[in-house]
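Spelled out, the chains give:
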Amino acid sequence: MHHEPHPINKSSLYVVATPIGNLGDMTPRAIETLRQADLIAAEDTRVTGHLLKHYSIGTPMVSLREHNERGMADKLVARLQAGESIAQVSDAGTPAISDPGARVVAHARAAGLRVVPIPGASAVVTALSATGVEHGFSFVGFLPAKSAARAHTLSQWQQRHESLVFYEAPHRLHDTVAALAQAFPTRILTIARELTKLYENFETIALSEADAWLKTAPEPRGEYVLVLHEAATQNAETHPAWHNTLAVLLKELPLKQAVALTVTLTQAAKNEVYAHALTLKNQS
């Protein structure tokens, strides 16, 4: 039996997540919301046009881009106040996260209008879920393109010990990995590429070995999420027991074998052992 879709509310802004690569990640609720809305505010109407065509959705669209967002925010709020329902989407993933859209949400909220999130794909959460970092994280997003500004931004994060998540475009990937290696020489980096797509790939490297990795790394393509793993704990009082095991083995064995044996003997987390082994090696 076909149940009637839940009707959407007038004068409401719907923030609708769309797939980041795999169309199967579009939720039934998202499709229904785009179908019923009076208007769709899209980052790029061509990109969203393909999605609408795939689901046979005929809702009209307007373009909401970085350079017109301020003016569009007022126009969209006026339309919401006049009783229309508007669905906001970005080219991929959850809108208003490293994308245009946050300003429209803020304006709608300030005007006392209802803002309804329709959750779905998000590149940052997708990457983290398959990386295996245990504690909190901070989302940095895109770093500045110019090297001096990028180095300055990274220096502001150097005192932080939690995992950090970055977005990067293919043409800047190598520069960014090199900059991360300079700022965080003892940390581990997971490079996630083409998430949810056919050539999805996760690669984890020690940033101390980034130079060697960059020399042999394939030509960057597609979108990247970079997860800088949390710093290994340095505090002497809270040294886990496996630190001693690792220190003894490192004196006798190559790094990778010492790490593997420590993990086998103590059941410690491999990425933590590896990060600590790099720190010890760099200190010696």
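The structure we're discussing is the one just above.
Since the structure is predicted, the reported quantities are computational estimates derived from the model, not experimental observations. (Residues numbered from 1 in each chain as written. Predicted model: local features only at pLDDT ≥ 70, side-chain atom pairs only at ≥ 80, totals over all residues. Heavy atoms only, no water.)

**Student:** Hey, could you run me through the nonpolar core in this one?
**Tutor:** Proteins that are soluble and globular tend to have nonpolar side chains buried together. By size, the foremost hydrophobic cluster in this structure holds 24 residues, and its most contacted members are Phe166, Val177, Phe184, Leu189, Ile191 and Leu207. Ranked by the residues each element gives to this core, the list is headed by helix H7 (residues 173–183), at six residues. The residues contacting Phe166, other than those within four sequence positions of it, are Val140, Gly141, Leu143, Leu154, Leu180, Tyr224, Val225, Leu226 and Leu228. Tyr14, Leu52, Tyr55 and Val89 belong to the second largest nonpolar core, which has 18 residues in total. (Core = buried A, V, L, I, M, F, W, Y, C linked by side-chain atoms within 4.5 Å. Buried < 20%, exposed > 50% of the residue type's maximum accessible area, 1.4 Å probe, protein only. Helix = DSSP H or I, 4+ residues; strand = E, 2+ residues; numbered from the N terminus. Contact = heavy atoms within 4.5 Å.)

**Student:** Where do I start with the side chain of Glu168 in this structure?
**Tutor:** Relative to the helices and strands, Glu168 resides in strand S7 (residues 163–168). A distance of 3.4 Å separates a polar atom in the side chain of Glu168 from a polar atom in the side chain of Arg172. At 2.7 Å, the side chain of Glu168 forms a polar contact with the side chain of Thr176. Apart from residues no more than four positions distant in its own chain, Glu168 is found in contact with Phe142, Leu173, Thr176, Glu223, Tyr224 and Leu226. (Polar contact = N/O pair within 3.5 Å; in protein donor to acceptor, adjacent residues only side chain to side chain.)

**Student:** I tried to follow the pairing of strand S4 (residues 86–89) on my own but got confused; where do I start?
**Tutor:** On a regular strand, one side chain projects to one face of the sheet and the next to the other, so that they alternate. Burial along S4 is two-sided: Ile86 and Gln88 facing one way and Ala87 and Val89 facing the other are all buried. Summarising the sheet, strand S1 (residues 12–16) and S4 pair through three bridges and their orientation is parallel. Bridging across to S4, Val15 finds its partner in Gln88. Strand direction decides the pairing type here: strand S2 (residues 39–42) and S4, joined by four bridges, are parallel. Bridge assignment links Leu39 to a residue of S4, and that residue is Ile86. (Pairing = 2+ DSSP bridges.)

**Student:** Before we go on, may I ask you to explain the environment of Leu249 in this structure?
**Tutor:** Mapped onto the elements, Leu249 comes out in helix H9 (residues 242–252). The spatial distance from the C-alpha of Leu249 to the C-alpha of Asp175 is 35 Å, given a sequence separation of 74 residues. The residues touching Leu249, leaving out its near neighbours within four places in the chain, are Ala258, Leu261, Thr262 and Leu265.

**Student:** Sorry, what's going on with the pattern of salt bridges here?
**Tutor:** Side-chain pairs of opposite charge can arise where the charged atoms are in close proximity. Per the counting criterion, the structure on display carries five salt bridges. A salt bridge links Arg160 to Glu162; the nearest nitrogen and oxygen atoms lie 2.8 Å apart. Taking relative accessible area as the criterion, Arg160 reaches 37% and is therefore assigned partly exposed. In this structure, Arg172 and Glu168 form a salt bridge, with 3.4 Å as the shortest nitrogen-oxygen distance. Comparing Arg172 with Glu168, the two get one shared label, buried. (Salt bridge = Lys/Arg side-chain N within 4 Å of Asp/Glu carboxyl O.)

Scope: geometric values only; no functional claims are made or implied.
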